[in-house]
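These are the residues of each chain, in order.
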Amino acid sequence: MSKIYFYAEDEKHSRITTALIQDSGNLACALCFGKEIPASVKNSGANMIVWFEADDDSPEHYAKLLSERLVETNATAALFESTARGRELAAHVAGFLNAPMFSDASKLEIKTEGLSCEHTIYGGMMLRSSSAEGFAIATTQAGFYEREVPKKEVEEIERIKATEIDTRVQVISREDIVKAGVDLAAAPVIICAGLGISDIEDLAILEALAVESGGAVACTRGVAEDRGWFAAELYIGISGKILNPDLYLGVGVSGQIQHMYGIRGAKTVAAINTDECAPIVKSSDYALIGDYKEVAPALLAALKK
Amino acid sequence: MRNIYACFKWVIDEADIRIEGKSADFTRARWKIGDYDLNAIEAANQVKESLPGSEAIGLTVGDADAKASLKDALSRGLDAVWHINTGESKIEDHRTSSQALAAVLKQNANAALVICAEGSQDLFGRQTAPRIAAALNWPVVTSVAELSIQGSVLEATRKLEGCIEKVNVELPAVVSVLPSINAPEYPKLKAIMEAKKKPIFEVEISELELKDAQGLHSQDEGYVMNRKNIVIKEGSTEEKVAQLVESLKKDGVL
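Caption draft 1: Helix H3 (residues 63-72) of chain A, seen in detail. Residues and elements named next belong to chain A. Of the residues making up H3, those classed as buried are Ala63, Leu65, Leu66, Ser67, Arg69 and Leu70. Where H3 is buried, its residues contact strand S1 (3-7), strand S2 (27-34), strand S3 (48-53), strand S4 (77-81), helix H4 (84-97) and strand S9 (157-161). One or two positions beyond H3, positive phi appears at Asn74, with a value near 55°.

Below, the structure is given as structure tokens:
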């Protein structure tokens, strides 16, 4: 039984990571950095919390300290939720320790000899199975493990007064991003607008489909960044949102691999497209071949029945 | 110490990979500078403009074939380019590639800023910028949506999951930039001609003293998307829609 450290921002992700570590017969040590212990860490069900206490609440600035801690305590692995901060901290620590790191790992296993996992490469075209001997780092995305531990307050807390924090990066300001509409991650149905949508007015019918199906409208990167029809937070893909809805419906979406990567976890993938040869047809459960200008109103009428 | 470095990688265009079953055919695949890396190169060009006397320099680790990327990189506005030649071997371990990049930056000792993409287009590990920073003991900032240099300070705007964060960073520093930071244009003929006269530097990876990177094993296979692949194309629009709705209801997703 050895110590496996983890950093997660989301409470559910924390409890899933705890389950993975404990199921492998190891001790889950939840990491936190800053003035206080966040509720997501407190309730993570981990065996212990390691709290680097200081005024600075950017976890990225503790990379050096965390690296030293991992070495001192003979940790066998460290896992990080794949958020912007989590990834930076993970790779920075990996750099200090010259350790192997698996990015966005799925099927992660913690074995006596080290970590093993799968991760996608070439924009999702291929799957790489990797294993490391000895200490390794991994980042994980939502849904990487099937079980979570119940919510439980962690009793054992190790408090480390952190003094040597990296002060070369100074946070000047933070501004919350105003959520552009609904929370995509929570939507059971995603109606996705692709570049095949020729008129901006047609987004109204997509919105209506979303309302009728209890879902939300998202888009491809081109629709957000080239056309500017949506905020960048609403595009799906390897460099954007990764979603696991019950149903994904791509309307005028060609189905580029980088986009499809973002909805791989969808239970059902459906598409409306004029082109039977579009890549999305091969990546869908159901591909309806037709012009969305006719199909979308008919679909709306059918849903309203 | 005023130069701006942009890291880039010569990658397979994944759209050309043919997956059959679990095996992959790369023979027809074209190679290119990764799309995300073009943003890093453009960012370096833009920062250079605001920094009189500085140069924008490209830096890549790749096998002998990656030489084909150098003229392309130079035609995109860089003043010079460094190639860390790995000969016949393709380096896929982030430990080695990042150490190699850091070693050249250390040797040159003239970098104010190193700009990487968030991730390379092929592996998208999103590790390189923080690893270079660790190797050089420089500060790092990732997820950068805007950046500029004011005196000896880098002002960066980061786009994180829930917030926009503005940070000031001591130089020299390493950053990774988001694809939204700029929109690189295709090089013009004039730039392509000028690129022929620009300097290319090469160093063999064996000449750099890198720490061992062992104990990592991997195996690749084609990703098989298990979907039903039902194509609904017969009948009127209403009939097709009815078939779709019925199927989705049967699957319990509507």
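Caption draft 2: The pairing of strand S12 (residues 173-177) of chain B, seen in detail. Residue and element names in this part refer to chain B. Counting buried positions along S12 gives 5 out of 5 residues, so the element sits mostly inside the fold. Taking every second residue as pointing to the same face, both faces of S12 are buried, with Ala173, Val175 and Val177 on one and Val174 and Ser176 on the other. Bridge count between strand S8 (residues 111-117) and S12: 5 bridges; the pairing is parallel. Note that in S12 the partner of Cys116 across the bridge is Ser176. With 3 bridges connecting them, strand S9 (residues 140-150) and S12 associate as parallel partners. Opposite Val141, over in S12, you have Val175 as the bridge partner.

Caption draft 3: Examining the packing of aromatic side chains more closely. Under the counting rule described, the total for this entry stands at 7 aromatic pairs over all chains. Through a chain of ring-to-ring contacts, three or more aromatic side chains come together here, namely Tyr7(A), Phe33(A), Phe52(A) and Tyr62(A). Sitting over the ring of Trp229(A), Arg227(A) keeps its end group 4.7 Å from the ring centre. Above the plane of the ring of Tyr223(B) lies Arg264(A), whose end atom (NZ or CZ) is 3.5 Å from the centre.

Caption draft 4: Structural context of the pattern of salt bridges. Going through the model one piece at a time under the given rule, you end up with 39 salt bridges over all chains. The partner of Asp199(A) in a salt bridge is Lys293(A), with the nearest N and O atoms 2.6 Å apart. Residue Asp199(A) is located in the loop between strand S11 (189-193) and helix H5 (203-213), and its partner Lys293(A) is located in helix H9 (residues 292-304); the two are separated by 94 residues in the primary sequence. Taking relative accessible area as the criterion, Asp199(A) reaches 31% and is therefore assigned partly exposed. We classify Lys293(A) as partly exposed; its relative accessible area is 39%. Residues Arg30(B) and Asp16(B) are paired through a salt bridge, measuring 2.9 Å at the closest nitrogen-oxygen approach. Highlighted residues: Arg30(B) in the loop between strand S4 (23-25) and strand S5 (31-33) and Asp16(B) in the loop between strand S2 (10-12) and strand S3 (18-20), separated in sequence by 14 residues. Here Arg30(B) falls in the exposed class, since its relative accessible area comes to 54%. A single network of salt bridges, built from pairs that share partners, joins Asp57(A), Glu60(A), Arg85(A), Glu88(A), Arg174(A), Arg158(B) and Glu165(B).

Caption draft 5: Structural detail: unusual backbone geometry. That bond from Leu171(B) to Pro172(B) is cis: its omega, 0°, falls within 30 degrees of zero. With respect to the helices, strands and loops of the structure, Pro172(B) is situated in the loop between strand S11 (163-170) and S12. Of note in this structure, Asn74(A) is not a glycine but carries a positive phi near 55°. One non-glycine residue with positive phi stands out, namely Lys107(A), at about 50°.

Caption draft 6: Broad picture of the sheet that holds strand S13 (residues 200-204) of chain B. A sheet is described by the order of its strands in space; here 10 strands give the open sequence S10(A)-S11(B)-S10(B)-S9(B)-S12(B)-S8(B)-S1(B)-S6(B)-S7(B)-S13(B), paired in mixed fashion. Edge positions in the sheet fall to strand S10 (169-176) of chain A together with S13 of chain B, since each has one partner strand and no second. For this sheet, the mean inter-axis angle between neighbouring strands, taken without regard to orientation, is 30°. Strands strand S1 (3-8), strand S6 (56-62), S8, S9 and S12 of chain B of the sheet are contacted by helix H1 (residues 35-49) of chain B, whose axis makes an angle of about 175° with S1(B). Where helix H3 (residues 94-108) of chain B meets the sheet, its contacts fall on S1, S6, strand S7 (80-85), S8 and S13 of chain B, and the angle it forms with S6(B) comes to roughly 145°.

Caption draft 7: Spotlight on the environment of Asp226(A). With respect to the helices and strands, Asp226(A) occurs in helix H6 (residues 221-226). A sequence separation of 194 residues divides Asp226(A) from Cys32(A), and the C-alpha atoms of the two residues are 39 Å apart.

Caption draft 8: Region of interest: a negative patch on the surface. A cluster of like negative charges, contributed by Asp291(A), Glu294(A), Glu238(B) and Glu239(B), occupies part of the molecular surface. Secondary-structure assignment places Glu238(B) in helix H6 (residues 237-250). The exposure class assigned to Glu238(B) is exposed, which follows from its relative accessible area of 51%.

Caption draft 9: Spotlight on the sheet that holds strand S14 (residues 268-273) of chain A. Ordered by their spatial adjacency, 6 strands build an open sheet running S12(A)-S11(A)-S13(A)-S14(A)-S15(A)-S15(B), and the pairing between neighbours is parallel. Sheet topology places strand S12 (216-219) of chain A together with strand S15 (230-232) of chain B at the edges, where each strand pairs with a single neighbour. If you compare each strand with its neighbour and ignore which way they point, the axes differ by 20° on average. Pairing of strand S15 (residues 286-289) of chain A with S15(B), which is carried by 3 bridges, proceeds in the parallel orientation. Within S15(B), the residue paired with Leu288(A) across the bridge is Ile232(B). The sheet strands contacting H5(A) are S11, S12 and strand S13 (247-251) of chain A, and the helix crosses S11(A) at an angle near 175°. Helix-sheet contacts for H6(B) involve S13, S14 and S15 of chain A together with S15 of chain B, and the interaxial angle to S15(A) is about 170°.

Caption draft 10: Broad picture of the confidence of the model for chain B. With 100% of its residues at a pLDDT of 70 or more, chain B has an overall mean of 95. Complex prediction metrics read pTM 0.90 and ipTM 0.93.

Caption draft 11: Broad picture of the nonpolar core. Ranked by internal contacts, the top residues of the largest apolar core, which has 56 residues, are Ile190(A), Ile191(A), Phe230(A) and Tyr248(A). When neighbours within four sequence positions are excluded, Ile191(A) is seen to be in contact with Leu206(A), Leu209(A), Ala210(A), Ser213(A), Ala216(A), Val217(A), Ala218(A), Leu249(A) and Val251(A).

What counts and how
- Counting from 1, residues in each chain are numbered in the order their sequence is written.
- Think of it this way: whatever chain is written first is A, whatever ligand is written first is 1, and the rest follow in order.
- Note on the predicted model: pLDDT of at least 70 is required for a residue's local features to be given, and 80 or more for side-chain atom pairs to be given and counted; whole-chain, interface and lining totals, by contrast, use all residues.
- Calculated side-chain values reflect all of the structure's heavy atoms, with hydrogen atoms and water omitted.
- The classification of residues rests on relative accessible area computed with a 1.4 Å probe and restricted to protein chains. Under 20% of the type maximum is buried, over 50% is exposed, and intermediate values are partly exposed.
- Counting from the N terminus, the helices are the DSSP runs of H or I reaching at least four residues and the strands are the DSSP runs of E reaching at least two.
- Between two residues, a contact is recorded if the distance between any of their heavy atoms is within 4.5 Å.
- For two strands to pair, DSSP has to find at least two bridges joining them.
- Geometry of aromatic contacts follows a simple scheme: Phe, Tyr and Trp rings, the Trp one being its six-membered ring, pair when their centres are within 6.5 Å, and the pair is stacked under 30 degrees between planes, edge-to-face over 60, tilted otherwise.
- Sitting over a ring, as applied to charges here, requires NZ of Lys or CZ of Arg to be within 6 Å of the ring centre and within 35 degrees of the ring normal.
- When a carboxyl oxygen of Asp or Glu is within 4 Å of a side-chain nitrogen of Lys or Arg, the pair counts as a salt bridge.
- Lines fitted to C-alpha atoms define the axes here, with helix axes fitted over just the stretch in contact, and angles between the N-to-C directions of these axes take values from 0 to 180 degrees.
- A residue counts toward a patch only above 30% relative accessible area and without a salt bridge, and it is joined to like-charged neighbours within 9 Å or, for Val, Leu, Ile, Met, Phe, Trp and Tyr, to nonpolar neighbours within 5 Å.
- Accessibility throughout is a Shrake-Rupley quantity obtained with a 1.4 Å probe, and a residue counts as covered only by protein chains that appear here.
- Neither His nor the chain ends contribute to the count of charged residues, in which Lys and Arg are positive and Asp and Glu negative.
- Think of each charge as sitting on NZ of Lys, CZ of Arg, CG of Asp or CD of Glu.
- The quantity called pLDDT is the predictor's confidence in a given residue, expressed from 0 to 100.
- As used here, the term nonpolar core means buried Ala, Val, Leu, Ile, Met, Phe, Trp, Tyr and Cys residues forming a set that is joined through side-chain atoms within 4.5 Å.

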